[in-house]
Amino acid sequence: MAHYIGVMSGTSLDGLDIALIELTPAIKLIATHYIPMPASLRTEMLELCSSGPDEIARSAIAQQNWVRLAAQGVHTLLDAQKLKPEGIRAIGSHGQTIRHEPARGFTVQIGNPALLSELTGIAVVSDFRSRDVAAGGQGAPLVPAFHEALFEERAGNRAVLNIGGFSNLSLIEPEKPVAGFDCGPGNVLLDAWIHQQRGEHFDRDGLWAASGKVEPALLKALLGDPFFVTQGPKSTGREVFNLSWLTQHLSHLPVFAPEDVQATLLELTALTIVHSLQNAQTNTQELLVCGGGAHNRTLMKRLADLLPNTQVSSTATYGVDPDWVEAMAFAWLAHCCLEGISANRPSVTGARGLRILGAIYPA
C-alpha cells in the first residue's frame, strides 16, 4: 500500500485541486483539498499564456507563488489526515500550463518542482508532458491511461469525457488499446464570455446559456475552425481558442444578445464533443463525465439529448467524484514514473512508442 498526492490546476485557473490517493493496487481516493486561485495570480498566469514583457522573470516569480500555495494545501491536507510527509511516497504535480504547442515541439508547465519538494519534504514528480512531445506526441491528453485503469473492467464500449477548460475524450473498448484526444473548447470560452459580459467566473448550471438561443450563423462560423476537422491524435489550448478568437468571429457578424452568444458557445462545446465521439467510437453504451463541466446541468442535458442511445452520467456513478479525477490522475502518474511504468498511450498522443513520463525531484 502506498500513498500519493496529486496537485492540479487546469486551464480554468479557478484554483488548485489536491488529492490524496491510496494504491493497494486498487486506486482509492482518500482525501481532497481545494485552494481558490488568488485573483492576482490568476491574472498573471493568464497573461503568461501569451508573449509579454519580462516574461521569463515574471514566470519564475509566478511559479514560486503557485508552489507556495500548493505546499500550503499539501500541509493542510496532511494535517487533516494526521499524516507525516514521510508517509507520502511522492507528489505528482502537473503545474500550470502556460504554452502548449506540440506542433512546434514544446509544451510548458510552470510549477518549480524543486521548491515544492523543499517546502513539503516529499519527493515530487513533474513535467509529465515533455517526454511524450519529444517522442513526437501531442503530450496531451494524458488522462486516458488513468481512465483506462479506473474503468477498463466495465463491459461494453464506454467513453470518459473530461470537461475542463478544454474537453477531451478517452475511448475504452474491450480488447483494444485506449484511444483519446482533445475535442475542443470545454468551459474556456463559456467562462471568458461570461466574465467579460457579467464579471462572473463561470456560468453556474449553465443557466445564463439556457436563457439564450443558439445563433446558427455564429455557430457555423465557429465550427469552421480547422481544428474541428483534424483527425486525432490532436490536442489544443488557449493558443487556439480564446476570447480574441471569439471576438474576431463576432466582428464579422451582426450584433447578438450576450446570452445568445453564451447559448451558442455551449452548443459549440456539446456538438464538438458529440461529433468527436460519434466519429471515433460507434455504439457507445456509456459516457462518463468528469471535470467542472459535469456540474453544468444545461450542458449535461444537451449531451444526453444529442446522444439518445448512450447513457450520459457523471463518473460519480461509479464512486469517482468528477471534481477530483484529474488530480487523482497525476498522483497515479507519479506512481507510474517511480515504478518505471509507461504511462503515455501512442494511440492517444501519436508518440513513437510507450514512454515513462515525468522528472523526479527527490525529497
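Residues numbered from 1 in each chain as written. Predicted model: local features only at pLDDT ≥ 70, side-chain atom pairs only at ≥ 80, totals over all residues. Heavy atoms only, no water.

1. Some remarks on the overall build of the protein chain
In terms of regular secondary structure, the protein chain is built from 13 helices and 13 strands. Here the C-alpha radius of gyration of the protein chain, 20 Å, is about what a compact globule of 363 residues would show, namely 21 Å. By the burial criterion, 55% of the 363 residues in the protein chain qualify as buried. Taking as baseline every contact in the protein chain between residues at least 6 positions apart, the subset at least 24 positions apart corresponds to 68%. Just so you have it, the protein chain exposes about 15,400 Å², and 52% of that area is on carbon and sulfur atoms. In the protein chain, 26 positive and 35 negative side-chain charges are present, and the distance between their average locations comes to 2 Å. (Helix = DSSP H or I, 4+ residues; strand = E, 2+ residues; numbered from the N terminus. Rg over C-alpha atoms; globule rule 2.2 N^0.38 Å. Buried < 20%, exposed > 50% of the residue type's maximum accessible area, 1.4 Å probe, protein only. Contact = heavy atoms within 4.5 Å. Areas by Shrake-Rupley, 256 points an atom, 1.4 Å probe, with all protein chains shown as cover. Lys, Arg positive; Asp, Glu negative; His and termini not counted. Charge placed at Lys NZ, Arg CZ, Asp CG, Glu CD.)

2. Overview of the UniProt feature "binding site: ATP" (unreviewed entry) in the protein chain
The positions that UniProt labels "binding site: ATP" (unreviewed entry) are, in the present scheme, Gly10, Thr11, Ser12, Leu13, Asp14, Gly15, Leu16 and Asp17. Positionally, serine 12 belongs in the loop between strand E1 (2-8) and strand E2 (15-23). Look at serine 12 and you get partly exposed, because its relative accessible area is 21%. Residues in contact with serine 12, not counting those within four places in the same chain, are Arg42, Asp191 and Arg238. One can find leucine 13 in the loop between E1 and E2. For leucine 13, a relative accessible area of 1% corresponds to the buried category. Not counting the four nearest positions on each side in its chain, leucine 13 is found in contact with Met37, Arg42, Met45, Leu46, Gln96 and Arg238. (UniProt positions renumbered as here; feature names shortened; annotations may be inferred.)

3. Considerations on the nonpolar core
Counting 42 residues, the largest nonpolar core has Leu169, Leu287 and Leu303 as the members making the most contacts within it. Ranked by residue count, the leading element in this core is helix H10 (residues 258-280), at nine residues. Once you skip the residues sitting within four places of it in the chain, leucine 287 turns out to touch Ala159, Leu161, Leu169, Leu277, Leu307, Thr310, Gln311, Val312 and Ser313. Counting residues in each nonpolar core, the second largest holds 37 residues, with Leu142, Ile172, Val325 and Ala343 among its members. (Core = buried A, V, L, I, M, F, W, Y, C linked by side-chain atoms within 4.5 Å.)

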